[in-house]
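Spelled out, the chains give:
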Amino acid sequence: MLNWTDTVGLGAIGYAAALGSVAGVLYHNSPVVAPVASRFASNDSVALTFDDGPTPQFTIPILKSLESVGAKATFFCIGENISAHRSLVKDMVSAGHCIANHTWHHDHAGIVRSKRYWSWELRRTSDLIADISGQSPRLFRAPMGFKIWNQAAAVRDLEMKYVGWRAWAWDTTGTNAANIYRRITKRLAPGDIILLHDGLEYARRHASQIETVTALPNILEDIQRRGWRMVSLANL
Ligand SMILES: [Zn+2]
């Protein structure tokens, strides 16, 4: 029979285990649900990735900054945003950037949805990217980095790979350009996948990524100073 101490002890263990499982599933680089790439093998390059776009007012100046230093990047685009800005996505492909899948709706409640839901979200976005670029995307990033089994099954069916990140800046939280620059560059190492945001998902449709736009030239200059290349993840 359990006495009070045992109950508390078991409760605490159960609670810790539950928290551990949740963290194991939700942490963006957690391999619990599926393998995820947060780095790649390199001693002289890093990979810039931009999520939630395209949103022309931010994506276009970001493309100009990248072009000015010859950097190639990977854009994890939201299907709805691609659909609204097809010609911009075509330009991004022509410029040598990699277009990857970040779901159709970027629904924050998606982690409780069925495999059928995830298959639809991923397939519709991939079909549109293929229609524009002539190539079906191979890379997927989960909204907020939250991976869940039904989603992973859909990712597997479409023979896509999960991509996480190792350097990030909380650049969707209203922070400023100086903080974004400092957070990205302070511990950056070759082979790192960098997460920034060029676009707005539905839940943030009235927000701004202007601080990311402002920080980017300094980030690019810092990486150039180190002598590293900025490559897309097309060959990951
Ligand atoms: Zn996102």
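Before any of the text, the structure's been laid out above.
So, here is what we can say about the structure in this document.

Cut-offs applied
Residues numbered from 1 in each chain as written. Predicted model: local features only at pLDDT ≥ 70, side-chain atom pairs only at ≥ 80, totals over all residues. Heavy atoms only, no water. Buried < 20%, exposed > 50% of the residue type's maximum accessible area, 1.4 Å probe, protein only. Helix = DSSP H or I, 4+ residues; strand = E, 2+ residues; numbered from the N terminus. Contact = heavy atoms within 4.5 Å.

## Notes on helix α6 (residues 149-157)
Consideration 1: Buried within α6 are the following residues: Gln151, Ala152, Ala153, Ala154 and Val155.
Consideration 2: Elements that come into contact with the buried residues of α6 comprise α5 (115-133), β5 (139-140) and β6 (161-163).
Consideration 3: Looking at the residues trailing α6, positive phi occurs at Glu159, about 55°.

## Concerning unusual backbone geometry
Consideration 1: Pro54 follows Gly53 through a cis peptide bond whose omega is -5°.
Consideration 2: Tracing the backbone shows Pro54 in the loop between β2 (45-51) and α2 (56-68).
Consideration 3: Non-glycine residue His106 carries a positive phi angle of around 55°.
Consideration 4: Structurally, the position occupied by His106 is in the loop between β4 (98-101) and α5.
Consideration 5: With phi around 60°, Met144 is a residue other than glycine that occupies positive phi space.
Consideration 6: Relative to the helices and strands, Met144 resides in the loop between β5 and α6.

## With respect to the environment of Asn218
Consideration 1: With respect to the element layout, Asn218 can be found in helix α8 (residues 210-225).
Consideration 2: Given a relative accessible area of 41%, Asn218 falls into the partly exposed group.
Consideration 3: Along the backbone, Asn218 and Thr185 are 33 residues apart, and their C-alpha atoms lie at a distance of 9.6 Å.

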